[in-house]
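# Results of the structural survey
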Amino acid sequence: MQYLTQYLEKYGALDFNEKPFNDVDAVIFSQLIYNEMNGILESADSVTISEAAVKFYEHNSDADIDALLDVASRAARLLTLCSETKRFGKVLMKNYINNINDAIDKQICAANYYLCDGSIMVAFRGTDATVTGFKESAMLAYMFPVPAQIEALHYFQESAMLHDGAVRVCGHSKGGNLAIYAAVNCSNSLQRKIESVYAFDAPGFPEWFFDGYDYKQIRDKINIINPQCSIVGRALFMEKEPCIVRSDAKRSRQHSIATWLISDDRFETAECYDADSDKLGAYLNDLVKTIGDEDLDSFYGALEKTAEEMGVYNFYDLKNVDTNLLMIFIDSIQTLNPDQKARLRALAKKVMTDFAKDYVSGAATKAKTYVKNVTNKLPFRHKDEPENDEEKIETDGE
């Protein structure tokens, strides 16, 4: 089995003139943007990926990187590998932004990468570790457009329009959603420059989004690429059929690009999604419809307020969470009926368990135990209710 590492080993010595850009290159850029450059790069800075790696490691020790969420720690190691190659090392990185605005629930990070073939790649980051980033991703289910989509469009239009050559745009998870939104809504003159749009396991849009003229103009340039057991990529609606990639991980862990299988310079593909993806994707979308936009807004508003009271501003703060304050949050959800609470509880357990398993580097076992202790004390668990929710949502086996 081959992964991104083997691809870089085989083709890292060839620049983009010697070996043309392909889908695997796109997914690499979608991961490099997860590296936190605040305080390291300014928007006006122009550095190669090799120079960016040096600056990044001047500010981050190995211990710092080990403490990051899994997606961020993997991105840091990918940055190291790319910086050592001819293919990526001399790629120029410009126009880096990382804007988080709690007041309007906005989180967006992006950069332009200038390739030696004369093209640029505009990459948007997916959800980061902040509560604001999590809430805005959730808002995709009941608000359109969200603040990050609006800023993504402005950023893309202003930065990419200045480039004379071909333009590509990509993103993983919410970043893929931003990439599509920006490409669909940018000016006609910029759309004509776009060579390809990549959305890797990205949540979709309201169905009516795909009825417009602007979408139809760009449709053939959009690439939807999801793993076999996609969950995030099944949220909401995507009009275009995806390329389905094989992964060696289970269920929600496939959201990590590091688990996707590569054959030479292409993804290994599957004919269809697996049964778990179909089941959970339908479940999540049905849950959103059942709860309704107004209740979802109340739910995430209560989550954000309670997180602030608990001193939780990002996922790293969860280790210090006070269980009693968590109960305040649960009790504050007044708009949900008992059935909706039961379904939301099952979903919350699934999300919390998967987060502990998949995204907390170096502390997964400890976090899993903590999550189990918290969820088993929730005040609305009935005595006759099973201790797990396997009948509602299956969880990964060990």
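Here is what the cut-offs are and how they apply
The numbers attached to residues start from 1 for each chain and follow its sequence in the written order. Reporting in this predicted model follows two pLDDT cut-offs: at least 70 for local features of residues, and 80 or more for side-chain atom pairs to be given and counted; totals over whole chains, interfaces and linings ignore these cut-offs and use all residues. In computing side-chain values, all of the structure's heavy atoms are included and hydrogens and water are not. The numbering of helices and of strands both runs from the N terminus, where a helix is a DSSP run of H or I of at least 4 residues and a strand a run of E of at least 2. To sort residues, take the accessible area from a 1.4 Å probe on protein chains only and compare it with the maximum for the residue type: under 20% means buried, over 50% means exposed, and anything in between is partly exposed. Contacts are residue-level and defined by heavy atoms, with any inter-residue pair within 4.5 Å sufficient. Methods summary: accessible areas were calculated by the Shrake-Rupley approach with a probe of 1.4 Å, and residue burial reflects only the protein chains presented. When DSSP finds two or more bridges between two strands, those strands count as paired. Any pair of nitrogen or oxygen atoms within 3.5 Å is treated as a polar contact; in protein, a donor-acceptor pairing is required on top of that, and neighbouring residues in sequence qualify only through side-chain atoms on both sides. Salt bridges, as used here, are contacts in which a Lys or Arg side-chain nitrogen is within 4 Å of a carboxyl oxygen on Asp or Glu. For helices, the axis comes from a line fit to the C-alpha atoms of the stretch in contact; other axes are also lines fit to C-alpha atoms, and the angle between any two N-to-C directions lies between 0 and 180 degrees. Two helices that cross are described as forming a left-handed crossing if the nearer one is turned anticlockwise from the farther one by less than a right angle, and a right-handed crossing if clockwise. When residues are sorted by character, Ala, Val, Leu, Ile, Met, Phe, Trp, Tyr, Cys and Pro go into the nonpolar class, Asp, Glu, Lys and Arg into the charged class, and all the rest, Gly among them, into the polar class. For classification purposes, angles smaller than 35 degrees are called roughly parallel, those larger than 145 roughly antiparallel, those between 65 and 115 roughly perpendicular, and all remaining angles oblique. Throughout this description, the term nonpolar core refers to a set of buried Ala, Val, Leu, Ile, Met, Phe, Trp, Tyr and Cys residues connected via side-chain atoms within 4.5 Å. Think of pLDDT as the predictor's per-residue confidence, scored from 0 to 100. Note on aromatic pairs: the rings of Phe, Tyr and Trp (six-membered ring only in Trp) are paired at centre separations within 6.5 Å, and the planes decide the class, stacked below 30 degrees, edge-to-face beyond 60, tilted for the rest.

The next point concerns the overall build of the protein. Regarding its fold elements, the protein presents 16 helices and 10 strands. Relative to its 398 residues, the protein shows a buried fraction of 54%. Taking contacts inside the protein between residues at least 6 apart in sequence as the whole, the part at least 24 apart equals 74%. About 17900 Å² of surface is accessible on the protein, with carbon and sulfur atoms providing 52% of the total.

Counting buried positions along strand β4 (residues 120-124) yields 5 of 5 residues, so the element is predominantly enclosed. The two faces of β4 match: Ile120, Val122 and Phe124 on one face and Met121 and Ala123 on the other face are all buried. Sheet analysis places β4 next to strand β5 (residues 167-172), joined by 5 bridges and oriented parallel. Opposite Ile120, over in β5, you have Val167 as the bridge partner.

To continue, consider the environment of Ser173. As for its placement among the helices and strands, Ser173 is situated in the loop between β5 and α9 (174-185). Among residues more than four places away in sequence, those in contact with Ser173 are Tyr34, Gly126, Phe200, Asp201, Ala202, Pro203, Val232 and His255. One polar contact links Ser173 to His255, side chain to side chain, over a distance of 3.2 Å.

The next thing to look at is the pattern of salt bridges. The full count for this structure, using the stated rule, is 12 salt bridges. Between Glu195 and Arg168 there is a salt bridge; the shortest N-O distance is 2.8 Å. In this pair, Glu195 sits in strand β6 (residues 194-200) while Arg168 sits in strand β5, placing the two residues 27 residues apart along the sequence. Accessibility expressed as a relative area gives 5% for Arg168, which makes it buried. Arg234 is the partner of Asp278 in a salt bridge, and the nearest nitrogen-oxygen pair spans 3.1 Å. With a gap of 44 residues between them, Asp278 in helix α12 (residues 275-291) and Arg234 in the loop between β7 (222-227) and β8 (243-245) connect regions that are remote in the sequence.

A few words on the packing of helix α1 (residues 4-11) against helix α2 (residues 23-32). Axis separation between α1 and α2 bottoms out at 11 Å; the angle between their running directions is 120 degrees. Viewed along their axes, α1 and α2 form a crossing whose handedness is left-handed. Residues Leu4, Tyr7 and Leu8 of α1 touch α2, and the partners they reach there are Val24, Asp25, Val27 and Ile28. Of the residues contributing to the contact of α1 with α2, the split by class is 6 nonpolar, no polar and 1 charged.

Below, the discussion takes up unusual backbone geometry. Backbone geometry at Asn95 places phi at a positive 55 degrees, although glycine is not the residue there. Structurally, Asn95 is set in strand β2 (residues 92-101). What makes Asn95 partly exposed here is its relative accessible area of 23%. Here Ser173, not a glycine, exhibits a phi torsion of approximately 60 degrees, which is positive.

We now examine the packing of helix α8 (residues 147-160) against α9. With their axes 8 Å apart at the nearest point, α8 and α9 run at an angle of 55 degrees to one another. It follows that α8 is oblique to α9 by the angle criterion. Once α8 is placed against α9, the crossing between them reads as right-handed. Note on element contacts: α9 touches α8 through Lys174, Asn177, Leu178, Tyr181, Ala182, Ala183 and Asn185, opposite Ala148, Gln149, Ile150, Ala152, Leu153 and Phe156. Split into classes, the residues belonging to the contact of α8 with α9 amount to 9 nonpolar, 3 polar and 1 charged.

Ile28, Phe29, Tyr113 and Phe200 are the most contacted members of the largest nonpolar core, which has 45 residues in total. It is α2 that contributes the most residues to this core, 6 residues altogether. Ala160, Ala183, Phe205 and Met238 belong to the second-largest nonpolar core, a separate cluster that totals 36 residues.

Moving on to the confidence of the model for the protein. Across the protein, pLDDT averages 77, with 66% of residues at or above 70. Highest mean pLDDT in the protein belongs to β4 (98); lowest belongs to helix α16 (residues 364-375) (42). This model gives residues 128-137 a pLDDT under 50, and the stretch forms 44 contacts once residues within four places in sequence are excluded. Low pLDDT, under 50, characterises residues 312-318; the predicted model gives this stretch 24 contacts beyond four residues in sequence or across chains.

For the structure on display, the rule yields 19 aromatic pairs. Look at Phe205 and Phe209: their rings are 4.2 Å apart centre to centre, the planes differ by 10 degrees, and that puts the pair in the stacked class. For Phe205, a relative accessible area of 1% puts it in the buried group. The exposure class of Phe209 is buried, given its relative accessible area of 9%. Relative to Phe267, the ring of Trp260 lies with its centre 5.9 Å away and its plane at 75 degrees, an arrangement referred to as edge-to-face.

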